[in-house]
Amino acid sequence: MTSPLGQSVRRLEDPGILRGKAQFLDDVPVDHPLHLAVVRTTVAHARFKVVDTEGARQAPGVAEVVTAADLGPHNGPFPHPTWFPPQAGLRATIDPMVRPELLWVLAAGRVRYAGEPVAAVVADDPYLAGDGAELVELDYEPLATVSGVDDALAPDAELLNPDWGDNLSAHFTVRKGDVEAAFARAAVVVRGTFEMGRQTGAPLEPRGALAVPGSGPDGDRLTLWSSTQAPHWLRPALATFTGLDTERIRVIAPHVGGGFGTKSMVYPEELLVALLALRLGRPVKWVESRIEHFVGAIHSRDQRHEVELALDAEGRILGLRDHYLVDVGASNVEGLVVPYNTTGHLQGAYRVPALELDCRCAVTNKTPLSAYRGAGRPEAVFAMERILDRAAGELGMDPVELRRRNLVGPDEMPYDTGIPYRDGSRLVIDAGDVPASLELAVREGGYEDWRRRQAELRRAGRYLGIGVGTYVEGTGIGPGELAEVRIEPDGGVLVAVALPSQGQGHATTLAQICAGVLTVPLDKVRLVQGDTGVVGEGGGTIASRTAVVVGNAVGDAAGKLAGELLRAAAELLEANPDDLELRAGRVQVRGAPRQSLALAEVATLVGDGDGLAATGRFTPPAVTFASGTHLAVVEVDPWLGQVTVLRYLVVHDCGVLVNPTIVEAQVAGGVAQGIGGALLEELVYDEEGQLLTGSFMEYLVPRSTGLPDIEVLHLETPSERNPLGIKGVGEAGTIGPPAAIAGAVEDALAPFGARVDRCPLTPHVVAGLVPDDALPADA
Ligand code: MCN
C-alpha cells in the first residue's frame, strides 16, 4: 500500500459537510436554550448611560437584561486575552512601543465604535430577545468622532483613551544598513503612497456561542461551544471573567463554516453567554446576524504606506524606506501581530541592503482591528510590488526583469534578511526558489504572448494589462502543539489535536500523515479536534500553522506509536525488533508476511483496554517560509471602470505537499478573497463613524461566476525546519492578488498615464484613474 502522504485523496470531511450532516455551531443540540441578543451602540464615540432596562425586562419572554453595572467585577476590564505582548527578541532589537489593550464584556460609560456591545437581553427565542433589546434605552453624550488615522494623530484630536495622552496604539522602527547613504548614491529614487482599504472575513456561518452550565458529575462545570478558531485561548479567558477554575470549563469548536482570522480572538459575546448561562442556570445561545458580523467581528488591512525605493542604474535595490500607518479602530486587539507582520514581509525575497521601516498604529472610532487571512502581508506585498512597478517604469525596464535582478536565489538560502521576525527570532528565510517560481509563472502564464497581444489590442482600443508579484510568507509559528494517536481495539485509529478546523481539511491531511506512518487505510483514521476536554493544551488555528506544527506533532506521535508497536510485537512474535516492519496495518517479520500481527491485535494485547496510544509534540525552531509568484492578466474598460480578470496563475511553494488538491483549493479560496480585496471589498465609514457597507448589498464579496479559473502550480522545496519538510499554505492565496491585479490594471491603463495607488479597485475608482479628456468625446 502506497503512503497517502502527498496524494490528492478526497477530503474525508466532505460527505458530512456537503450533505448537511456535519454539526455546525447553530446545529449543536441542546434542550430549550435561552437566546441572547446584544444591544449595540448606534453612536461611534460618546459617553453614555443606560437610562432604562425596565421596558425590556417586562417584554414577553425576556428572562434577563444586563448592563456593565449588572455584571459587576465579571465585566472586567481585564487584559485583553488575545493581546500578545511583543516577544523578548523583538523588545531587545527594536524596542517597540505598544499599548496593552483591555477587554470589557459590555462597554461601561463610554463607547468607542458603532456596534460595541452595551447591554444584553436573554429571552426564550432569538426574536423575543431582539424585541427586548430594542427596548433598552440609552442616553448618549456624543464626543467628536475620530474617523481615520489623520484625525487620530492630529494635535487636537479627541482621545479614545484619555489616559494615554494621544491616540497612538503602537509605534516602532526597524532599520538595517545605511539608508541615507543608499539614497544618496542612487541612480533612481521612486516614491509612492499606497493604501489598502479596510476589509474583513465573511464566513458562511457568522460567529456564535452556546454555553451550557451545570454539566459534570457535580454540576459545577461549564461547556461552551463556540465558533472560535482558538478554544484553548478562550478557556482561560472564560475562567478569568467567570471566576470558574479553568479545569471546570470545556470549550468545543464544532464545524464553523469558515473563520479567516475573524474568529480567532476572544469576543465579548462569548463571555456574555457564559456569564449569563452561569447566572441563570440554563443554556444560553447567541448566533450573530450578518450585520452584527460586519460591525462586531474584527476588521483588518486599512494601511497607508509612504514608500521610497532607491536603485542603481541597473535596477538593483539599494535602499527602502516605508513609513506606514495602520488604522486599528477602537482597539488593537492582537497588538503587533498585524502591524509587525507587514514589516516582516515588506522585503519579500528581494535583496534590500538598507532599509528604514516605521510603523504607527492609531486608534479610531471603528471596529477593532486584528488578523484577517494574510494578516498584514497583503499590505506589505502591495506596497513593495507597487513601488517595484514604479521603479521599472522609471528605469524603462520590464517589471519581470527588475524582479529577476533583485530576487534572492536558491544558492543564497538560508537567507538572513537582517531584521527580526515577529516571534523575535532573526528573520532568516530557510528555503525556497522564488526566481524559479517567477520564471515558471512567466513561462506557464504566457507572459511574452500576453505582451504581444497587449500591443495588438491597444491598437484596437482595448486595454489589457499584466501584473506580477512575488512574496514570501512566514508560516507555522510556534508555540509547540501536542497530538495523541491511539490504535483502538477495533482497528480504528484516533488522532486527537487541539486546533480546530474552519474548513482547511485537517481531518484528511492529518489523517494522511498518520496513516502514512502506521500504514493503515486512510478511512480507518478519525480526527478529534478543537475540544479542550480532549487535548487540554494548544494554540489557535491561525498563521497557516496547522500543517507545520500539528502535522509534525501527529507525525511524531505516530512515529512513537509505531516504535511501541514494533517493540511490543517483537516480544509477542519472539522476534528481533529490527527484523520487524509495519506494512498494511500489520507488524510483520520482514520477508515473512505470515509471521505478523494486526496493529489492533498488538494494541489490544499490550494496551490499556482502550488500545495503545502515544503522544507527540512539535515545537518549531522558527517559522518556515513559503513563497511564490502571482500573475494576473486583466482587461480594463476605462469608460466603465470594469476590470475583468482573464487569467490568474499562482506558482506556490509550501514545501512537501501533504495533499496537493487541498493545497490548490486553499490557494484558490485565498485568491478569491484576495481578488475581493483587490477589486471589490471595502468597509467604508462616514465622518460620524457609521459603517456604510454593513451588508452584502454594499460589501461585495466575489462570486464564483465573477472569478477566473485560478491555476495553481507547485514547487516543492522542503522546509529545513521540520521533519516532514512542510511549509504552510492557508493564507498564501490572499497575499498576492492586490499587488498582481493593481500592477495589471496600471499596466492596462498605461496609455492614460494612470497610477494605481489604492485597493480595492472598484469601477468607480478605476474610471477615476483615467482623465476625462483622455476619452473620446462620445464615451
Ligand atoms: N497542507 C498540505 N500541504 C502543505 C501545507 C498545508 O496539504 N505543505 C494542508 C494542511 O494540511 C491543511 C491545509 O493545507 O489541511 C491548510 O494548512 P495550513 O497552511 O497549515 O493552515 P491552517 O490549517 O493552520 O489554517 C489556517 C489558515 C488561515 S491562518 C486562515 S485565515 C484560513 C486558512 O487557513 N482560514 C480558512 N484557510 C481557510 N480555509 C477555509 N476553508 N476556511 C477558513 O476560515
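The residue numbering used here restarts from 1 in each chain and proceeds along that chain's sequence as written. Given that the model is predicted, a residue must reach a pLDDT of at least 70 before its local features are reported, and side-chain atom pairs must reach 80 or more before they are shown or counted; all residues, however, enter totals for whole chains, interfaces and linings. Computation of side-chain values: all heavy atoms of the structure, hydrogens and water removed.

The number of helices and strands found in the chain is 22 helices and 32 strands. For a compact globule the rule gives 2.2 Å times the number of residues to the power 0.38, and the radius of gyration it is set against comes from C-alpha atoms. A compact globule built from 779 residues should have a C-alpha radius of gyration of about 28 Å, and the chain, at 27 Å, falls within 12% of that. Dimensions along the principal axes, computed over C-alpha positions, put the chain at roughly 85 × 75 × 50 Å. Taken over 779 residues, the chain has a buried fraction of 62%. Contacts are assigned to residue pairs that have any heavy atoms within 4.5 Å of one another. Considering only contacts in the chain between residues 6 or more positions apart, those separated by 24 or more positions represent 81%. Only the protein chains shown count as cover for residues, and the accessible areas themselves come from Shrake-Rupley with a 1.4 Å probe. If you sum the accessible surface of the chain, you get close to 28,400 Å²; carbon and sulfur atoms cover 51% of it. Put simply, DSSP H or I for four residues or longer makes a helix, DSSP E for two residues or longer makes a strand, and each gets a number counted from the N terminus. With a 1.4 Å probe rolled over the protein chains alone, any residue whose accessible area is under 20% of its type maximum counts as buried; one over 50% counts as exposed, and the rest are partly exposed.

As a further point, take the sheet that holds strand β11 (residues 188–199). Pairing is mixed across the open sheet formed by 7 strands, whose spatial order is β5-β10-β18-β17-β16-β11-β32. Every interior strand has two partners, whereas the edge strands, β5 (97–98) and β32 (758–759), have only one. Strand direction decides the pairing type here: β11 and β32, joined by 2 bridges, are parallel. Paired with glutamate 195 across the bridge in β32 is arginine 758. Strand contacts of helix α12 (residues 377–395): β11, β16 (300–311), β17 (317–327) and β32, with the helix running at about 145 degrees to β11, the strand carrying the most contacts. The criterion for strand pairing is that DSSP finds at least two bridges linking the strands in question. Note on geometry: axes are C-alpha line fits, over the in-contact stretch for helices, and angles between N-to-C directions span 0 to 180 degrees.

Turning to the pairing of strand β1 (residues 34–40), a few remarks are in order. Taken across its 7 residues, β1 has 7 buried, putting it largely inside the fold. The alternating pattern of β1 places Leu34, Leu36, Val38 and Arg40 on one face and His35, Ala37 and Val39 on the opposite face, and all of these are buried. Alignment of β1 against strand β15 (residues 284–287), held across 2 bridges, turns out to be parallel. Looking across to β15, one finds that histidine 35 is bridged to lysine 285. Looking at chain direction, β1 and strand β8 (residues 117–123) are connected through 6 bridges and run antiparallel.

What surrounds the ligand is a group of 32 residues, the closest being Gly259, Gln504, His506, Thr546 and Val729. Between N or O atoms, a polar contact is any pair within 3.5 Å; within protein, one atom must be a potential hydrogen donor and the other a potential acceptor, and residues adjacent in sequence are included only when both atoms are from side chains. Measuring from an oxygen atom of the ligand, one finds a backbone N or O atom of glutamine 504 at 2.7 Å. In this structure, a nitrogen atom belonging to the ligand sits 2.8 Å away from a main-chain N or O atom of valine 656. Burial of the ligand by the protein chains amounts to 95% of its free accessible area of 840 Å². Secondary structure elements with two or more residues in the shell around the ligand: α16 (506–518), α17 (546–573) and α19 (660–680). Broken down by element, the shell around the ligand gets its largest block of residues, 3 residues, from α19. All residues other than Ala, Val, Leu, Ile, Met, Phe, Trp, Tyr, Cys, Pro, Asp, Glu, Lys and Arg, Gly among them, are scored as polar; the first ten of these are nonpolar and the last four charged. For the shell around the ligand, the class distribution of residues is 12 nonpolar, 16 polar and 4 charged. By convention in this text, a residue qualifies as near a molecule or strand provided that one of its non-hydrogen atoms is within 4 Å of it.

Moving on, we get to the sheet that holds strand β31 (residues 710–715). Strand order across the open sheet formed by 4 strands is β21-β29-β30-β31, with mixed pairing between neighbours. The sheet terminates laterally at β21 (463–475) and β31, the two strands that pair on one side only. In this sheet, neighbouring strand axes are inclined to one another by 20 degrees on average, regardless of whether the strands run parallel or antiparallel. Across 6 bridges, strand β30 (residues 642–653) lies against β31 in parallel orientation. Within β31, the residue paired with leucine 649 across the bridge is glutamate 711. Contacts from helix α21 (residues 737–748) reach β21, β29 (624–637) and β30, with the element oriented near 160 degrees to β21.

Turning our eyes to something else, we now look at helix α8 (residues 231–242). Helices are assigned an expected span. That span is 1.5 Å times one less than the residue count. For α8, spanning 12 residues, the distance from its first C-alpha to its last is 16 Å, which sits close to the expected 16 Å at 1.5 Å a residue. In terms of burial, α8 is a largely internal element, 10 of the 12 residues being buried. The secondary structure elements touched by the buried residues of α8 are β4 (78–79), β6 (102–103), β13 (221–226), β14 (249–252) and α9 (268–280). Directly beyond the C-terminal end of α8, a positive phi value near 85 degrees is found at glycine 243.

A word on the pairing of β30. The element β30 is largely enclosed, with a buried count of 9 among its 12 residues. Of the strand pairs in this sheet, β29 and β30 are connected by 11 bridges, and their pairing is antiparallel. Opposite valine 634, over in β30, you have valine 645 as the bridge partner. Chirality of the crossover, the property in question, places the unit of β30, α19 and β31 among those that are right-handed. For a crossover, the right-handed case is the one in which the path from the first strand over the helix to the second runs clockwise, viewed with the strands pointing away from the viewer.

Under the pairing criterion, centres of Phe, Tyr and Trp rings, with the six-membered ring standing for Trp, must be within 6.5 Å; the plane angle then separates stacked pairs below 30 degrees from edge-to-face pairs above 60, leaving the rest tilted. Under the criterion given, the structure shown has 9 aromatic pairs. By the ring-pair criterion, three or more aromatic residues cluster together here, those being Phe294, Phe696 and Tyr699. Two conditions define a charge sitting above a ring: the NZ of Lys or the CZ of Arg must be within 6 Å of the ring centre, and it must be within 35 degrees of the ring normal. In this structure, arginine 207 is placed above the aromatic ring of tyrosine 267, and the distance from its NZ or CZ to the ring centre is 4.2 Å. Against the face of phenylalanine 183 rests arginine 321, its NZ or CZ located 4.3 Å from the ring centre.

Our focus in this paragraph is the environment of aspartate 31. Within the fold, aspartate 31 resides in the loop between α1 (14–18) and β1. Look at aspartate 31 and you get exposed, because its relative accessible area is 67%. For the pair aspartate 31 and proline 283, spaced 252 residues apart in sequence, the C-alpha separation works out to 8.1 Å.

Let's shift gears to the packing of α12 against helix α13 (residues 399–406). Contact geometry for α12 and α13: axes closest at 9 Å, N-to-C directions at 110 degrees. With respect to α13, the element α12 is oriented roughly perpendicular. Viewed along their axes, α12 and α13 form a crossing whose handedness is right-handed. Where α12 approaches α13, its residues Glu385, Leu388, Asp389, Ala391, Ala392 and Leu395 are matched on the opposing element by Pro399, Leu402 and Arg403. Of the residues assigned to the contact of α12 with α13, the class counts are 6 nonpolar, no polar and 3 charged. These descriptions rest on fixed angle ranges, namely under 35 degrees for roughly parallel, over 145 for roughly antiparallel, 65 to 115 for roughly perpendicular, and the rest for oblique. Here a crossing is called left-handed whenever its near helix is offset anticlockwise from the far helix by less than a right angle, and right-handed whenever the offset is clockwise.

Here we come to the pattern of salt bridges. The term salt bridge refers to a pairing of a side-chain nitrogen on Lys or Arg with a carboxyl oxygen on Asp or Glu at a separation within 4 Å. Across all of its chains, the model carries 54 salt bridges by this definition. Between glutamate 269 and arginine 207 there is a salt bridge; the shortest N-O distance is 3.1 Å. You can see glutamate 269 sitting in helix α9 and its partner arginine 207 sitting in the loop between β11 and β12 (208–215), a full 62 residues away along the chain. Its relative accessible area of 1% is what places glutamate 269 among the buried residues. For aspartate 302, the salt bridge identified is with lysine 366, shortest N-O distance 3.5 Å. Of the two residues, aspartate 302 is situated in strand β16 and lysine 366 in the loop between β18 (354–362) and α12; the sequence distance between them amounts to 64 residues. Exposure class is identical for aspartate 302 and lysine 366. Each is buried. Salt bridges linked by common partners bring Glu385, Arg386, Asp389, Arg390, Arg403, Glu746 and Asp757 together as one network.

For the rest of this paragraph, the subject is the nonpolar core. Counting 122 residues, the largest nonpolar core has Leu309, Met384, Tyr648, Ile741, Val745 and Leu749 as the members making the most contacts within it. Definition of nonpolar core: a set of buried residues of the types Ala, Val, Leu, Ile, Met, Phe, Trp, Tyr and Cys, connected through side-chain atoms within 4.5 Å. Listed in part, the 45 residues of the second largest apolar core include Val497, Ala568, Ala570 and Leu597.

Turning next to a nonpolar patch on the surface. In this analysis, a patch consists of residues with relative accessible area above 30% that form no salt bridge, clustered at 9 Å for like charges and at 5 Å for the nonpolar side chains Val, Leu, Ile, Met, Phe, Trp and Tyr. Taken together, the side chains of Leu572, Leu605 and Val606 make up a nonpolar region of the molecular surface, amounting to roughly 260 Å² of accessible area. Here valine 606 lies in helix α18 (residues 599–606).

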